[in-house]
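Okay, here's what each chain looks like letter by letter:
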Amino acid sequence: MCGVIGYVGLGANPDFFFNGLKRLEYRGYDSAGIAMLTSDGTISVERAEGKLANLQSKLARLPAKATVGIGHTRWATHGRPTENNAHPHRSGDIVLLHNGIIENYRPLKEALMAKGYTFTSETDTEVAAHLLNAEYSALPASLPAFEKMQKAIYKTVAQLKGAFAFGILCTKTPDVLYAVRLGSPMVIGEGEGEYYMASGITALVEHTRRVMFLEDHEVAFLRSSGLTLTDFQGAPVKRDFQKVEWSVSMMEKGGYRHFMLKEIHEQPQAIAQTLQGRLEREAGRVNIVDYGAAALPLKSIDRLQIIACGTSFYSGLLAKFFIEKFARIPVEVDLASEYRYRVSTVTKNTLAVAVSQSGETMDTLQAIKFARSSGAFTLGVLNVPGSSIAVACHAESLIHAGPEIGVASTKAFSAQVTNLMMLGLALAQERETMKPNEIGQVIEELVKIPAFVEQCLGLSDAIEKLANKYHSERSILFIGRGPQWAVALEGALKLKELSYIHAEAYAAGELKHGPIALIDEDLTVVCLAPRDEYYEKTISNIEEIKARGGKILAVGTEGDKDLMALADDFIGVPPTSSIVSPFATTVPLHLLAYWIAVRKGTDVDQPRNLAKSVTVE
Ligand code: AGP
C-alpha cells in the first residue's frame, strides 16, 4: 500500500514528485524517496525516514529539472522504516521502486549474494533491483540499451512471486520510464508530451484526467512521444485511456482541519450521489443495470456472500439485515482474510459481493478471485474506478463517494450501505419478494437519508465537548442490537484506529454471556438505543450495565427521557425509520472517534501503523 509516482516528458522539477507523493501519502507514510534522471544519464536519488515532510529539505540536492523520475512513499512490509530501507533502490545503472510484496525474495537474495551482489537494505525491493541489474548485465553489450531493459524486465518478472508494481529508471535509457504491474495498482496518465505513472488517480488529476489502469502481467514503456504496452512475454496489449471525473478540489481539505472531518461532512453528498440514477421513485423500482443483471439475472440468485475487510466488512454486516428482509435470501458476510480457508460451497446462483473503498485490498481481491474460481457470480461494490477488484469481478457497482483520503473510512461506509440496500431492493424486485409499493416505501426512506445525516452532523460541537470528557478512557465498549450492532462494530473500529484507545463492540444481548464481567465504574459503554424494534431489550441491557456501576454514553432518539435518565451522557439523533436509523447513529460515532483523536493529538488522517489501502495479505 505504498504511494508511487513517475514522470517522463519534457521536464519535471523535484516539486512535481514531492507534491505527487503528498497526494498519495495516505497510502503509506513511514519513509519516502525520489529519483530523477537527466538527459545525460545522471541519476540523483534522495530518501528520508519518516513522514514525507522529512524529504522536503533534501529536494534542493536533486536536479532542477529531469526528463524522467520516480517517487515513493512507503508502508513498511520487509525492513524497518529507515532511510536505508526507503525506496527507490539502486543497482548499477538501474533504479527501482516497488509497491507490494515479493514472497520469494530470500532465495533470490541468496543467489544474488552468491554472485557478488551486496545489499544495503532489509527490503525485498532491493532484491528486485539487483535481480533486474543482473539480468540486464547478462545480456550482450552489443544490444541497444532499451532492448536489454525490455528483455531484462521480462526475465526478472518471470522469477518473482507475490505482488508488485514497479517504477524503473535506467541511466542508459534516459528517455524511458518503465512501469510493471502484478497484483498492486498502477495507473498511467497521458498529458501533452508527457506521461505519468501512479499507484492512485489522486496523484494524477491535477495533471490529467486521461488515465489507463494497467492490469496484471503488464509492462508499460513510457516516453514523452508515446507508450508501448505489452504482457510479461512481450506480446502487445491494447488498452484505451478513459476520463476520470475526480477534480483537484476533491483532493483538497476544503477548509476542514482534516480530510476525515471533511469526509464525515461529505456523507450526505456521498449517499445522494450513490442513490443518483438508480431509483425510479414513481414506479417504485430500482435500476438494476449496475448489479450485473446483464450477465446474471438477479432472479436466479439464491444466496449472497458479502466479502470484505474492516469498515467495509461492517457495511456488509449492516446491509445483511436489510437484504435478507427485502429479498428473503440468506446473506453471509465473510472477512476476506478468512474466506479462502473455508471449503467453498458457492454455486452458479451465488452472488459473491466484494465491498472495498479502495478496490485494492489484497485480502478482498484474493477472496473474490477464489469465489469466482469456485463458480460464483462476482460483483464489486467499489469507490475507485478501474481498480484491481473491479477487474477481478464479473460486474462493478460504484458508490460514487468521491476520493476518500482519510485513512479512517467514513463516507465510503455510508455509501456502501446505501448501495447494498439498493442491491437488496433490486433482488427483491426481481425475485418478487416485495410489492412495488413496498419497494417504493423503502425508496422514499432512502432518499431521506442525506437530509437526516446532514441534521446529525449538527451534533459535532456537542460531541467535541464529550470528547474532552472521554478522551482519557483506557477502554470503551460499544453495544447495539440488530443493525445497530454493526454500527457499534464500526464505531469501535473508528475509535481504536484513530485514538489508539482499546475499543470493542458486542451485540447487546451478548453482554451477559461473558463481557459483562468487564463492567465496573471505570468502564464506559457506548449504548446505541434509538427508538426501534430492539429498544426495550437494549434498555434492559443498559440497566444491567448501570446496576454494575458502568458509565453509559447513550446514543438514542432525541427527547427520550427514559434513556436520558439512565445515561451519564446522551447523544440524541432525530426520530427516523428503521431504514434511516443506522445512518443517523453512525454519524455521532464517527464524530466521537474524530474529536477524541483530535483531543488526544493523534494523527487523524494518517494514524500510526495504518495505510489507506492494504495491498498485502
Ligand atoms: C477503515 O477505517 C480502515 N481504514 C480499514 O478497516 C478499511 O476499511 C479496510 O482496510 C478495507 O479497506 P477497503 O474498503 O479499501 O477494502
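Residues numbered from 1 in each chain as written. Predicted model: local features only at pLDDT ≥ 70, side-chain atom pairs only at ≥ 80, totals over all residues. Heavy atoms only, no water.

### Concerning the overall build of the chain
1) Next: Across its full length, the chain carries 20 helices and 26 strands.
2) Next: Principal-axis analysis of the C-alpha atoms gives the chain an extent of 85 × 50 × 45 Å.
3) Next: The 617 residues of the chain split such that 64% are buried.
4) Next: Carbon and sulfur atoms make up 51% of the accessible area of the chain, which totals about 22,300 Å².
5) Next: Each charge class in the chain was averaged separately, 63 positive and 70 negative side chains, and the resulting centres sit 2 Å apart. (Helix = DSSP H or I, 4+ residues; strand = E, 2+ residues; numbered from the N terminus. Buried < 20%, exposed > 50% of the residue type's maximum accessible area, 1.4 Å probe, protein only. Areas by Shrake-Rupley, 256 points an atom, 1.4 Å probe, with all protein chains shown as cover. Lys, Arg positive; Asp, Glu negative; His and termini not counted. Charge placed at Lys NZ, Arg CZ, Asp CG, Glu CD.)

### Topic: empty space enclosed by the protein
1) Next: Scanning all chains against the criterion turns up six cavities of 30 Å³ or more.
2) Next: Taken as a whole, the largest cavity spans an internal volume of roughly 230 Å³.
3) Next: Looking at the largest cavity, it is lined by 25 residues, and the ones nearest its centre are Arg 27, Ser 199, Gly 200, Ser 358 and Val 384.
4) Next: Taken together, the residues of the lining of the largest cavity break down into eleven nonpolar, nine polar and five charged.
5) Next: What the second largest cavity holds in volume is close to 60 Å³. (1 Å grid on protein atoms, 1.4 Å probe; cavity = no way out; pocket = protein on both sides within 12 Å on 5 of 7 lines; lining within 4 Å. Points joined across faces, edges and corners; volume = space filled by probe spheres on them. Nonpolar A, V, L, I, M, F, W, Y, C, P; charged D, E, K, R; others polar.)

### Details of the packing of aromatic side chains
1) Next: Tallied over the entire structure, the rule returns 16 aromatic pairs.
2) Next: Members of the aromatic cluster, joined through ring pairs, are Tyr 7, Phe 16, Phe 17 and Tyr 196.
3) Next: The ring of Phe 119 is capped by Lys 109, whose NZ or CZ atom sits 4.9 Å from the centre of that ring.
4) Next: When the ring centre of Tyr 500 is taken as origin, the NZ or CZ atom of Arg 608, which lies over that ring, is 3.8 Å away. (Phe/Tyr/Trp six-rings, centres within 6.5 Å; stacked < 30°, edge-to-face > 60°. Lys NZ or Arg CZ within 6 Å of the ring centre and 35° of its normal.)

### Things to note about the pattern of salt bridges
1) Next: Taken as a whole and assessed by the stated rule, the structure comprises 30 salt bridges.
2) Next: Taking the shortest distance from any N to any O, the salt bridge between Asp 175 and Arg 223 comes out at 3.4 Å. Of this pair, Asp 175 sits in the loop between strand 7 (162-170) and strand 8 (177-182) while Arg 223 is found in strand 12 (residues 218-223), placing the two residues 48 residues apart along the sequence.
3) Next: With a relative accessible area of 23%, Arg 223 lands in the partly exposed category.
4) Next: A salt bridge links Asp 562 to Arg 531; the nearest nitrogen and oxygen atoms lie 3.6 Å apart. With Asp 562 in helix 19 (residues 561-566) and Arg 531 in the loop between strand 24 (524-529) and helix 18 (535-547), this residue pair connects regions lying 31 residues apart in the sequence.
5) Next: For Arg 531, a relative accessible area of 43% gives the class partly exposed.
6) Next: Overlapping salt bridges, with partners in common, bring together Arg 303, Glu 332, Asp 334 and Arg 342 in one network. (Salt bridge = Lys/Arg side-chain N within 4 Å of Asp/Glu carboxyl O.)

### Digging into the site of the ligand
1) Next: With respect to spatial proximity, 14 residues lie near the ligand, and among them Ser 312, Ser 356, Ser 358, Thr 361 and Glu 497 are the closest.
2) Next: Between Ser 358 and the ligand, the recorded distance is 2.7 Å, taken from a side-chain N or O atom to an oxygen atom.
3) Next: Note that an oxygen atom of the ligand is positioned 2.4 Å from one of the side-chain N or O atoms of Glu 497.
4) Next: For the ligand, whose free accessible area comes to 410 Å², the fraction covered by protein is 91%.
5) Next: If you map the ligand onto the pockets, it falls in the largest pocket.
6) Next: Counting only elements with at least two residues in the shell around the ligand, the list comes to helix 9 (310-327) and helix 17 (483-499).
7) Next: In the shell around the ligand, the residues fall into four nonpolar, eight polar and two charged. (Near = heavy atom within 4 Å. Polar contact = N/O pair within 3.5 Å; in protein donor to acceptor, adjacent residues only side chain to side chain. Sits in = over half its atoms within 2 Å of the grid points.)

### Section: the packing of helix 9 against helix 17
1) Next: With their axes 8 Å apart at the nearest point, helix 9 and helix 17 run at an angle of 170 degrees to one another. Of the possible angle classes, the one that applies to helix 9 and helix 17 is roughly antiparallel. Within the contact between the two elements, helix 9 uses Gly 310, Thr 311, Tyr 314, Leu 317, Leu 318, Phe 321 and Phe 322 and helix 17 uses Pro 483, Ala 486, Val 487, Leu 489, Glu 490, Leu 493 and Lys 494.
2) Next: Of the residues that constitute the contact of helix 9 with helix 17, the class distribution is ten nonpolar, two polar and two charged. (Axes fitted to C-alpha atoms, helices over the stretch in contact; angles between N-to-C directions. Parallel < 35°, antiparallel > 145°, perpendicular 65-115°, else oblique. Contact = heavy atoms within 4.5 Å.)

### A short note on the nonpolar core
1) Next: Residues Leu 304, Val 353 and Phe 478 are the most contacted members of the largest nonpolar core, which totals 100 residues.
2) Next: Apart from residues no more than four positions distant in its own chain, Leu 304 is found in contact with Ile 323, Ile 329, Pro 330, Val 331, Glu 332, Leu 351, Val 353, Leu 423 and Leu 427.
3) Next: Judged by nonpolar contacts, the second largest core, of 33 residues, contains Ala 134, Tyr 178, Leu 182 and Phe 232. (Core = buried A, V, L, I, M, F, W, Y, C linked by side-chain atoms within 4.5 Å.)

### Some thoughts on the sheet that holds strand 8
1) Next: If you walk across this open sheet you meet the six strands as 5-6-7-8-12-13, and the pairing is antiparallel. Where the open sheet ends on each side, the last strands, each with one partner, are strand 5 (89-91) and strand 13 (226-231). Averaged over all adjacent pairs, the angle separating strand axes in this sheet is 20 degrees, with direction ignored.
2) Next: Inspection of the sheet shows strand 6 (residues 94-102) paired to strand 7 by nine bridges, in the antiparallel sense. Pairing of Gly 100 across the sheet is with Phe 164, part of strand 7.
3) Next: Against the sheet, helix 4 (residues 125-138) contacts strand 5, strand 6 and strand 7, and its axis sits at roughly 130 degrees relative to strand 6. (Pairing = 2+ DSSP bridges.)

### Let's talk about helix 16 (residues 460-470)
1) Next: Within helix 16, the full set of buried residues consists of Ser 460, Ile 463, Leu 466, Ala 467 and Tyr 470. For helix 16, the angular spread of the buried residues around the axis is 110 degrees, confining them to a single face. Structural note: helix 16 exposes Asp 461 and Lys 465 on the side pointing more than 90 degrees away from its buried face.
2) Next: Next to the buried residues of helix 16 lie helix 15 (449-457), strand 22 (475-480), strand 24, strand 25 (551-557), strand 26 (569-573) and helix 20 (581-600). (Arc of directions from axis to C-beta.)

### Examining the layout of surface pockets
1) Next: In this structure, the largest pocket occupies an estimated 630 Å³ of space.
2) Next: Along its surface, the largest pocket is lined by 28 residues, and Cys 309, Gly 310, Thr 311, Glu 497 and Val 614 are the ones closest to its centre.
3) Next: Those elements that provide at least two residues to the lining of the largest pocket are helix 9, strand 19 (350-356), helix 11 (362-373) and helix 17.
4) Next: Per-element accounting of the lining of the largest pocket gives the leading share, five residues, to helix 9.

### Some remarks on the sheet that holds strand 11 (residues 210-213)
1) Next: Taking strand neighbours across the sheet as the criterion, the eight strands line up as 3-2-4-1-10-9-11-14 in an open arrangement whose pairing is antiparallel. Of all strands in the sheet, those with a lone pairing partner are strand 3 (43-49) and strand 14 (242-243), marking the two edges.
2) Next: Across four bridges, the pairing between strand 1 (residues 3-12) and strand 10 (residues 195-198) is antiparallel. Bridge assignment links Ile 5 to a residue of strand 10, and that residue is Ala 198.
3) Next: The strands touched by helix 1 (residues 14-22) within the sheet are strand 1, strand 2 (31-37), strand 4 (66-74) and strand 10, with strand 1 carrying the most contacts at an inclination of about 155 degrees.

### Looking at the state of the cysteines
Any covalent bond linking the sulfur atoms of two cysteines counts as a disulfide.
1) Next: On inspection of all chains with the given rule, the structure shows zero disulfides.
2) Next: Counting only cysteine sulfurs, Cys 309 is the nearest neighbor of Cys 393, a cysteine outside any disulfide, at a range of 13 Å.
3) Next: On the basis of relative accessible area, Cys 393 is assigned to the buried category, the value being 6%. (Disulfide = S-S within 2.5 Å.)

Keep in mind these values describe shape, not function.
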